[in-house]
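Report on the structure
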Amino acid sequence: MKRNIQVLLLLFTGVGLLHIALLTDLYLRYVRPGLRPALIASGVVLIVLGAVSAARDGFPFNRPRMDHGHGHDGHDHSGGPRIAWLLYVPALTILFLAPPALGSYTAARDDTKAAAPTAPDSLYPALPRNGVVEMSLNDFSSRAVWDTGGTLKGRTVRLTGFVTPGHHGTWYVSRLAISCCAADATVRKIRVHGATAPPADAWVTVTGTWHPTGTVGTDDANPALDAETVKRVPAPKDPYNDVVVTRTGR
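Each chain carries its own residue numbering, running from 1 in the direction its sequence is written. The predicted origin of the model limits local features to residues at a pLDDT of at least 70 and limits the giving and counting of side-chain atom pairs to 80 or more, whereas totals for whole chains, interfaces and linings rest on all residues. Side-chain descriptors were evaluated using all non-hydrogen atoms of the structure, hydrogens and water having been removed beforehand.

Describing the pairing of strand β5 (residues 203–210)
The condition is simple: Three exposure classes are used, based on accessible area relative to the maximum for each residue type with a 1.4 Å probe and protein chains only: buried under 20%, partly exposed in between, and exposed over 50%. Under the DSSP-based scheme used, a helix requires at least four consecutive residues in state H or I and a strand at least two consecutive residues in state E, with every element numbered from the N terminus. Pairing between two strands requires that DSSP report at least two bridges joining them.
Counting buried residues in β5 gives 7 out of 8 residues, a clear majority hidden from the surface. Strand direction decides the pairing type here: strand β2 (residues 156–165) and β5, joined by 7 bridges, are antiparallel. Bridge assignment links L159 to a residue of β5, and that residue is V206. Note: β5 against strand β6 (residues 224–232), 7 bridges, orientation antiparallel. Each residue of the ladder has a partner; that of T209, found in β6, is D226.

Here it is in structure tokens:
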């Protein structure tokens, strides 16, 4: 790879990072909001390095570099292996065709359940008896599997997530949560009963009641919902933010 191509790679990567982190919110498809400053700083550094390299080599920044004292003939020996051209793929991808956030393909291949709470008595306050309770999928999953106090019983809840197809016509409303980036994503899936499955990866709001399965408080329990209504909604800006302030009360 010639030096001018290497410089262009730095510039493209830097501009791509600034495009997704500074000019748009596309970076939220890949990392947590708190990493935005680091992405912007990285983009600036790459652009500066590319600009300095271009200025040093002169336009079109590919002049042959002389290696004095070693008997070389003045030809440019700065090329790298041809496989280095593959580095252009991620650089141009984030600039012109930002990949979507993780979705049903990832969720369908993960059956991890909500972890058992360490202090169950303090984690599950009572829910309001009247009205529809907006809940995160994480909260609903945890209560459905581990809450032996039955705080979900008789309550109408509303969950928002994307559609994940299951086996034999079943489907789930799902969310993915990340600690740092998409590489460490964890899955929350709620099986939906009594409603036809919308298209895979469609974002929906499902209103319904808890559908008990298995023995609550053991690994036999699975989170499920008897749907009353299913409504298509736009995808959120931050698809990994499964945080809802749930009202409590008796």
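Some points on a nonpolar patch on the surface
Threshold: Each patch is built from residues lacking any salt bridge and having more than 30% relative accessible area; the joining distance is 9 Å for like charges and 5 Å for nonpolar side chains (Val, Leu, Ile, Met, Phe, Trp, Tyr). All accessibility values rest on the Shrake-Rupley procedure with a 1.4 Å probe; residue burial counts only the protein chains present in the view. Here, a salt bridge means any side-chain nitrogen of Lys or Arg that lies within 4 Å of a carboxyl oxygen of Asp or Glu.
Side chains of V44, V48 and V52 sit close together on the surface and give an oily, nonpolar patch of about 240 Å² of accessible area. The exposure class of V48 is partly exposed, given its relative accessible area of 45%.

As for the packing of helix α1 (residues 3–23) against helix α2 (residues 36–57)
Counted only if it meets this: Here, axes are lines fitted to C-alpha atoms. For helices the fit covers the stretch in contact, and angles between N-to-C directions go from 0 to 180 degrees. Just so you know how the angles are binned, under 35 degrees is roughly parallel, over 145 roughly antiparallel, 65 to 115 roughly perpendicular, and the rest oblique. In a left-handed crossing the near helix is turned counterclockwise from the far helix by less than a right angle, and in a right-handed crossing that turn is clockwise. Amino acids outside the nonpolar list (Ala, Val, Leu, Ile, Met, Phe, Trp, Tyr, Cys, Pro) and the charged list (Asp, Glu, Lys, Arg) are all regarded as polar, and Gly is one of them.
Across the interface, α1 lies against α2 with an axial gap of 8 Å and an inter-helix angle of 155°. Classified by the interaxial angle, the pair formed by α1 and α2 is roughly antiparallel. Classified by chirality, the crossing of α2 by α1 is left-handed. Across the contact of α1 with α2, the residue classes break down as 16 nonpolar, 6 polar and 4 charged.

Let's talk about the pattern of salt bridges
Side chains that carry opposite charge are capable of pairing whenever their charged atoms lie near each other. This model, assessed by the stated rule, comprises 4 salt bridges. Here R158 and E134 are joined by a salt bridge, their closest N and O atoms 3.2 Å apart. Within this pair, whereas R158 is found in strand β2, its partner E134 is found in strand β1 (residues 132–134), the two being separated by 24 residues in sequence.

Comments concerning the nonpolar core
Within soluble globular proteins, side chains that are nonpolar tend to cluster in buried spots. Threshold: The set of buried Ala, Val, Leu, Ile, Met, Phe, Trp, Tyr and Cys residues whose side-chain atoms join them within 4.5 Å is what this entry labels a nonpolar core. Should any heavy atoms of two residues lie within 4.5 Å, those residues are considered in contact.
Of all hydrophobic cores here, the largest spans 20 residues; its most connected members are M135, F140, L152, V157, L159, V173 and V206. Of all elements in the fold, only α6 (137–146), β2, β3 (171–177), β4 (186–193), β5 and β6 reach the threshold of two or more residues within this core. Contact partners of L152, with chain neighbours within four places excluded, come to L127, M135, F140, R143, A144, D147, V157 and W210. L17, A21, L26 and I94 belong to the second-largest nonpolar core, a separate cluster that totals 11 residues.

Everything listed here is a matter of geometry and, on its own, says nothing about what the molecule does.
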